[in-house]
Every structure is written in structure tokens, then in C-alpha cells.
Amino acid sequence: MKKVAIVMGSDSDLKVVEKSITTLKSYGVETEVHVYSAHRTPVEAREFTLSARENGLGVMIACAGKAAHLAGAIAANTTLPVIGIPIKASALEGMDALLSTVQMPAGIPVATVAIDGAENAALLAIQILAVEDKSLADKLAKAREDKKASILAKDKELNDKYKS
Ligand code: RP5
């Protein structure tokens, strides 16, 4: 199975990004975790991205806050799918990172999840790998069934509690 890279602009993003790491691990997906910044370490970010495909990576998750160029900078150097997580890291509450990540010009796509949407970023990466991996697709389907069952259990609990 291909690996998923998680690249964060700063280790201060880790508290959000941890949810991506634990989600990928819970599906048995091998991950590589890195700190590379589009601004502070642009050469290293580029070199890592240029060799990503030959190093067995299948999807890249890029997380950054503020003027968040990381996902776009990574997408510029690979045709692997890139998922951007805008991080809430400033007085603008993540809106700065959301717009910087989502508003990519035509030709270089970044699939952007919600502000701090680390779990969905991992799930989307898994769904991409699951196109060619039936056992991953089965795990995704089971997780959705389990979630549905827990919501319906809560529905019953609340309905019983407040029945008049
Ligand atoms: C971005 O700037 C990082 O992704 C981080 O979210 C934000 C702040 O970085 P630090 O100043 O905390 O290192 O590049």
C-alpha cells in the first residue's frame, strides 16, 4: 500500500495534526510525518516533494496556519493528490489559512478540508488509497456503519429520556 505524508509548517501545528496521524494509524496506513515550511525551509519542502512518488508516497497532507502557502507549494511540485488543512493559528481564527489554502489557481489543485479538519484530511487520504484497496474500502464502510449505530443509540436514549 502507498504511504501518506503529513507535512506541517511548524511543530506548533502538531496538536491539530495529531488527529490525522492517529486516524491513519487506526486504518493501518503507513505515514511519514515532517515539518517543512513553504517560507522557512522552501528548499527542503521542494526536495521532499519532488522525491515523494519514488519514495512510495501516494497522498500528501499539508497543514499550515496564517499565510498558508504550504499545500500550494507542495502541489506545485507533484502530481500526487494534495490535501490541505488550514490551521487556526492567528487572530484571524484560521480564515487566513483557509483562503490561502483553498483559493488555488486553475491547474494546481489542493483538496482543502475545514479549518483544523485533521480527521477528515486523513479520511480523504484513506478514501483515495481505497480506490485500489478493497480492504481499506471495507474498513471505511464499517466505520460509517459504527458511527451511524452510535448516533441512532443516542437518538433512542434522548428520545426515551424526554418522552412525555
Ligand atoms: C505557519 O505559521 C505554521 O504552519 C503555523 O501554523 C504558523 C505559526 O508558526 P510558528 O510561528 O508557531 O512556528 O507557517
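This text goes with the structure placed above it.
Let me begin by describing the structure that accompanies this report. For every chain, the first residue of the written sequence is number 1, and numbering continues from 1 along that sequence. The predicted nature of this model means local features are confined to residues of pLDDT at least 70 and side-chain atom pairs, given and counted, to a pLDDT of 80 or more, with totals for whole chains, interfaces and linings taken over all residues. Hydrogens and water are ignored here; the side-chain numbers use all heavy atoms of the structure.

With that out of the way, let us pick up the environment of Val35. With respect to the helices and strands, the residue Val35 is situated in strand 2 (residues 31-35). Note: C-alpha distance between Val35 and Pro105 (70 residues apart in sequence) is 25 Å. We call two residues contacting when some pair of their heavy atoms lies within 4.5 Å. With near-sequence residues (within four places) excluded, Val35 lies in contact with Met8, Gly9, Ser10 and Asp11. The helix and strand labels rest on DSSP assignments: H or I over at least four residues marks a helix, E over at least two residues marks a strand, and numbering proceeds from the N terminus.

In this section: the pairing of strand 3 (residues 57-65). Classification of residues uses two cut-offs on accessible area relative to the type maximum, computed with a 1.4 Å probe and protein chains only: under 20% is buried, over 50% is exposed, and between them is partly exposed. The element strand 3 is extensively covered by neighbouring structure, given that nine of its nine residues are classed as buried. One bridge is not enough; two strands pair if DSSP finds at least two bridges between them. Sheet analysis places strand 1 (residues 3-8) next to strand 3, joined by six bridges and oriented parallel. Counterpart to Ile6 in the pairing with strand 3 is Ile61. Sheet topology note: the strand 3/strand 4 (residues 82-87) ladder contains six bridges and is parallel. Within strand 4, the position partnered with Cys63 by the bridge is Ile85. When the strands point away from the viewer and the path from the first strand over the helix to the second turns clockwise, the crossover is right-handed. The β-α-β motif built from strand 3, the intervening helix 3 (residues 70-75) and the parallel element strand 4 has right-handed crossover chirality.

The subject of this paragraph is the packing of aromatic side chains. Aromatic contacts are taken between Phe, Tyr and Trp rings whose centres are within 6.5 Å, Trp giving its six-membered ring; a plane angle under 30 degrees counts as stacked, one over 60 as edge-to-face, and the others as tilted. Summed over the entire model, instances satisfying the criterion amount to one aromatic pair. Summarising the aromatic geometry, the rings of Tyr36 and Phe48 are spaced 5.4 Å apart at their centres and angled 40° between planes, so their arrangement reads as tilted. Placement of the pair is Tyr36 in the loop between strand 2 and helix 2 (42-50) and Phe48 in helix 2, with a sequence separation of twelve residues. Under the relative-accessibility criterion, Tyr36 is labelled buried at 18%.

In a beta sheet, neighbouring strands are held together by backbone hydrogen bonds and run either parallel or antiparallel to one another. Here we have five strands laid out as an open sheet, ordered 2-1-3-4-5, and parallel in their pairing. Strand pairing shows two members of the sheet lacking a second neighbour, strand 2 and strand 5 (111-112), which therefore form its edges. Sheet contacts for helix 1 (residues 14-26): strand 1, strand 2, strand 3 and strand 4; angle to strand 1, the most-contacted strand, approximately 175°. Axis lines are fitted to C-alpha atoms, over the contacting stretch for helices. Their N-to-C directions set the angle, which ranges from 0 to 180 degrees. In the packing of helix 4 (residues 95-102) onto the sheet, contacts are made with strand 3, strand 4 and strand 5, and the angle to strand 4 comes to roughly 160°.

In this fold, Ser10 is placed in the loop between strand 1 and helix 1. What Ser10 contacts, discounting residues up to four positions off in sequence, is Val35 and Arg40.

With that out of the way, let us pick up the site of the ligand. What makes a residue near a molecule or strand is one non-hydrogen atom of that residue sitting within 4 Å of it. Taken together, Gly9, Ser10, Ser12, Asp13, Arg40, Ala64, Gly65 and Ala89 make up the full set of residues near the ligand. One nitrogen or oxygen atom from the side chain of Ser10 is found 2.7 Å from an oxygen atom belonging to the ligand. Polar contacts here mean pairs of N or O atoms no more than 3.5 Å apart (in protein, one a potential hydrogen donor and the other a potential acceptor; neighbouring residues in sequence count only if both atoms are side-chain atoms). Between the ligand and Arg40 there is a distance of 2.8 Å, counted from an oxygen atom to a side-chain nitrogen or oxygen. Here the open area of atoms and residues is found with the Shrake-Rupley method and a 1.4 Å probe, where only the protein chains shown may cover a residue. Relative to its unbound accessible surface of 370 Å², the ligand loses 78% to contact with the protein. Gly counts as polar in this scheme, as do all residues outside two lists: the nonpolar Ala, Val, Leu, Ile, Met, Phe, Trp, Tyr, Cys and Pro, and the charged Asp, Glu, Lys and Arg. Class assignment of the residues belonging to the shell around the ligand gives a composition of two nonpolar, four polar and two charged.

Salt bridges are identified by distance alone: a Lys or Arg side-chain nitrogen within 4 Å of an Asp or Glu carboxyl oxygen. Taken as a whole and assessed by the stated rule, the structure comprises six salt bridges. Note that Lys88 and Glu93 form a salt bridge whose closest N and O atoms lie 3.8 Å from each other. Accessibility expressed as a relative area gives 45% for Lys88, which makes it partly exposed. You can call Glu93 partly exposed: its relative accessible area is 48%.

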